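Notes for the structure review
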Amino acid sequence: MDTHDSSLAERKAGLAGMGDSRLRKEDARFIQGKGNYVDDIKMPGMVHMDIVRSPVAHARIKKIHKEAALKIPGVLAVLTADDLKPFKLHWMPTLAGDVAAVLADEKVHFQMQEVAVVIATDRYAAADGVEAVQVDYEELPVVIDPFDALKPNAPVLREDLAGKTSGAHGAREHHNHIFTWNAGDKEAADAAFAKAEIKVRENILYPRVHPCPLETCGCVASFDKIKGELTTYMTSQAPHVVRTVVSLLSGIAESKIRIVSPDIGGGFGNKVGVYPGYVCAIAASIVLGIPVKWVEDRIENISSTAFARDYHMDGELAATKDGKITGLRVNVVADHGAFDACADPTKYPAGMFHICSGSYDIPAAFCSVKGVYTNKAPGGVAYRCSFRVTEAVYIIERLVDILAQKLGMDKAEIRAKNFIKKEQFPYHSPFGFEYDSGDYHTALNKVMAAMDYKALRAEQAAKRADPNSPSLMGIGLVSFTEVVGAGPSKMCDILGVGMFDSCEIRIHPTGSAIARMGTITQGQGHQTTYAQIIATELGIPSEVIQVEEGDTSTAPYGLGTYGSRSTPVAGAAIALAARKIHAKAKKIAAHMLEVNEGDLDWEVDRFKVKGQDSKFKTMKDIAWQAYHQPPAGIEPGLEAVHYYDPPNFTYPFGIYMCVVDIDRGTGETKIRRFYALDDCGTRINPMIIEGQIHGGLTEGYAVAMGQQMPFDAQGNLLGNTLMDYFLPTAVETPHWETDHTVTPSPHHPIGAKGVAESPHVGSIPTFTSAVVDAFAHKGVTHFNMPHSSYRVWKELKKHGLAL
Amino acid sequence: MAKKLIHVTVNGQSHEVAVEPRLLLIHFLREQLNLTGAHIGCETSHCGACTVDLDGQSVKSCTHLAVQCDGSSITTVEGLAQNGVLHAVQEGFYQEHGLQCGFCTPGMLVRAQRLLQENPNPTEDEIRQGMSGNLCRCTGYQNIVKAVQYAAKKLSQAAAAAA
Ligand code: FES
Ligand code: FES
């Protein structure tokens, strides 16, 4: 390497730009106990709010007795729906075009629904107040099963919707029906099935689960009566949208509302929505004129804030005898609970479920999703996934496995045979998506080689041949394609606001910088990675770039962080804002070097005169010039804003393989190996990517192996504490092996696609694929999650395999 | 409710405070002493976000009453760094990317430093067992294991150098 090259490499390394496994900037505060989470916030005069919740799932409220509570020392107020009515705050609009009760208005619709709130001087007094509030209920018949809900004589759940024959998403066929949403071409799909040589069909339940971040939801609302200004610190993945909603609800101008998402202890979709607790705390603060804190406990979090999934899926594949898939049909009954509060782009009540043709070139496909009310908590969020992509990947991957089994074909072979080929991109799916880029065959081959798939199959055959083998061995294989980065505003909006995102970059006179973003990190490391994009684009060391998000008073409007949209959307906004600065900097550099812009080359951190290494100006020099003495005709300062409306989604993909050993005595499933190959396009910080993948795989493991929210016939949630709801510890969690390929997105400014959700989406069907594979020699093609030891043991019993 | 006077030493500083008998240790630390490093993730002893060191043992401060700690010495995450120098476990979590949202981290760190005193040279399995009272929803634990290994190595090197 000559000296120029080595100094170039040094300069590049000094930036810690894209591709660098830079250590995280946010860690210093977290490892010293100096994070600033909602419950850490204290304000002068702050009081506490706690919630009275319904013990029953469906009932009429006869009377609420506040008197005893009000006598408790420290209790300041007890509020019910009647108290919120004058402010029209007893109901609120949901993101899905429905309304949800803030406090139960005459009726409760699910167990643990918010019935009243108690405001008190400290959290113990508030809890005492909650105990003392007496509510008289007249119980009503409960509907838990969504199929029962659609029976003609089923109890009417939503009396407030009586006579409404259409909702936000078209006609309602029944009093408990919310919408029916179709995608694809029904006639073409039916025709494919009519002439199919082979058909498979399976009913698959994706159980109701909960994202359960380690920090629960909460807020501190503070209304200043003199200034008429509302400040609310909130666990929100989308603070700007919350501000808009609060403004619409309260009538306070958006300019007088400040929503701040401080440090957030994990979101995973749980912190997208607006919950009654927030609204009540805000309402109480407006009425009392003092700060009100509300932080829910874990039981409240699991029972009442947004769940995920609960899709009852009926899927079918049509194929030729040699395994070429010719058609796909999926019918879903989606249990949305008591209010339709799904967090999806407005036009997509089933989110991106229509990515369910997966990684395969399927000529004809149709899907239909029916949303139904039941006596369960509302929600339906994307638990570490992009709007129902997890459900979509699960159904197609299960069906492909089932088809392979029916044909006696290998699961890898059938996938390779049906994959969209590299040269088919951009690929138009039967559901209308335009997949940007992919190379599925290369990824599959890499995983097969790394795992020595042939040897695994041979070992499995030997085990199956041995009746005394103490364990069953299963091999799971999945290929997934995600659709993330919502999204083009012509398709995607939330409450009418297009799903763009934004970045504002300001270079200071001495060459350091600040970037403000419309997104909000919940552990993804934005403060680290966003700076790396700017470092590479502008040649400023990432160390001196501050990244700020989450405060609506300072950050540009953005739609927030969920659905893997931060890098695809906000990441693009950063690159383009930086490029605006770059263009201006070039003009200034040309003036400083007394040459034409065309005579300049950009090199890492400087503009230099072509062919003359010693004649250059660094970005730092240029920044000073921009404030000190900008050239004539050029505005002083060096900053830019960009609002990025993506032209398309991005389509990360991956191939996962898993080997399990199932104990024939106990049904316990040991994950022997799990190999995850992800392709998220351009990689910004490999260390953070790997960390995100570990986390997503672990959450996927939790869902596949143990998470569920079962209800009894009375609507009691059987298991709403961490005693029952499965969060794996370090002991159960498998060791993860990760790998990658890089297929950049052609339409994204830096080619990045987004990553954090892929491992969740991809791993869940992989575990099922592996566990079911262990039983394949007995003709078993599918059984539902979660694959807890007891459930797997029952399966062993059923097939005479238990020891 | 009649308050009771307790005397506790927290991160080397002694406090004499009158508390309600039902006050949980976690609320005492967070709300009365403004030590908000330890967090509340469940209040049922499952998550470990509230872990502190009480007289040489890791405890979940959501299931201890402040009055039970009368006369005790407590270390929280805020007390791990000494004279501005990070503790080896803090350094390990930073170097090995052992945290994401950071909510579990204070409890993890306090537990990890105690684990390494109980067993200065743990195997991966022993680390996983020893940390199993602390839940993390973000990292998948793999880097937490590495972080604890990093700290174990650093501490044993320091001990060897001192010997
Ligand atoms: S808050 Fe103490 S263990 Fe979860
Ligand atoms: S880093 Fe988020 S819970 Fe552990």
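From a predicted model like this one, the values you see are computed outputs, not experimental measurements.

Moving on: the environment of V75 of chain A. Residues and elements named next belong to chain A. Along the chain, the position of V75 falls in strand β3 (residues 75-80). Residues V75 and A120 lie 45 residues apart in sequence; the distance between their C-alpha atoms is 4.1 Å. Those residues in contact with V75, other than ones at most four positions away along the chain, are A69, L70, V118, I119, A120, A125 and G129.

Along any regular strand the residues' side chains alternate between the sheet's two faces. Residue and element names in this part refer to chain A. Among the 6 residues of strand β14 (residues 229-234), 5 are classified as buried, and the element is accordingly described as predominantly covered. As judged from the 6 bridges shared by strand β13 (residues 218-224) and β14, these two strands associate in the antiparallel manner. Looking at the pairing, C219 lines up with M234 of β14. Taking the residues that link successive antiparallel strands as the turn, the β13-β14 hairpin has 4 residues, and the phi of G228 there is positive, at about 70°. In the classification by handedness, the crossover that spans β14, the intervening helix α8 (residues 239-250) and the parallel strand β15 (residues 257-260) is right-handed.

Now for a nonpolar patch on the surface. Taken together, the side chains of F87, V287 and L288 of chain A present a nonpolar region at the surface, about 260 Å² in accessible area. Look at F87 of chain A and you get partly exposed, because its relative accessible area is 48%.

Before going further, it helps to spend a moment on the pattern of salt bridges. Residue and element names in this part refer to chain A. Considering all chains together, one arrives at 72 salt bridges over all chains under this definition. The residue K107 makes a salt bridge to E159 at a minimum N-O spacing of 3.7 Å. Highlighted residues: K107 in strand β6 (residues 107-108) and E159 in the loop between α6 (146-149) and β9 (166-167), separated in sequence by 52 residues. The exposure class assigned to E159 is partly exposed, which follows from its relative accessible area of 35%. Close ionic contact of K463 with D661 constitutes a salt bridge, the shortest N to O distance being 3.8 Å. Within this pair, whereas K463 is found in helix α14 (residues 453-465), its partner D661 is found in strand β33 (residues 653-663), the two being separated by 198 residues in sequence. For K463, a relative accessible area of 24% translates into the label partly exposed. By sharing partners, the salt bridges in this structure join E397, R398, D401, D410, K411, R415, R457 and D773 into a single network.

Counting along an α-helix, one turn takes 3.6 residues, and residues three or four places apart therefore face a common direction. Here helix α3 (residues 105-118) of chain B contains 14 residues, and its C-alpha end-to-end distance of 20 Å stays within 8% of the 20 Å for a straight helix at 1.5 Å per residue. Among the 14 residues of α3 of chain B, 12 are classified as buried, and the element is accordingly described as predominantly covered.

All names here are of chain B. The N-to-C vectors of helix α2 (residues 88-95) and α3 enclose an angle of 125°; their axes lie 9 Å apart at closest approach. Taken together, the axes of α2 and α3 lie oblique to each other. For the element pair α2 and α3, the recorded crossing hand is right-handed. Facing α2, whose interface residues are V89, Q90 and F93, α3 presents T105, M108, L109, A112, Q113 and L116. Classifying every residue of the contact of α2 with α3 by side-chain character gives 6 nonpolar, 3 polar and no charged.

Conventions we followed
Residues numbered from 1 in each chain as written. Chains lettered and ligands numbered in written order. Predicted model: local features only at pLDDT ≥ 70, side-chain atom pairs only at ≥ 80, totals over all residues. Heavy atoms only, no water. Helix = DSSP H or I, 4+ residues; strand = E, 2+ residues; numbered from the N terminus. Contact = heavy atoms within 4.5 Å. Buried < 20%, exposed > 50% of the residue type's maximum accessible area, 1.4 Å probe, protein only. Pairing = 2+ DSSP bridges. Right-handed = clockwise from strand over helix to strand, strands pointing away. Patch = residues over 30% accessible without salt bridge, like charges linked within 9 Å, V, L, I, M, F, W, Y side chains within 5 Å. Areas by Shrake-Rupley, 256 points an atom, 1.4 Å probe, with all protein chains shown as cover. Salt bridge = Lys/Arg side-chain N within 4 Å of Asp/Glu carboxyl O. Expected span 1.5 Å × (residues − 1). Axes fitted to C-alpha atoms, helices over the stretch in contact; angles between N-to-C directions. Parallel < 35°, antiparallel > 145°, perpendicular 65-115°, else oblique. Left-handed = near helix turned anticlockwise from the far one by under 90°. Nonpolar A, V, L, I, M, F, W, Y, C, P; charged D, E, K, R; others polar.

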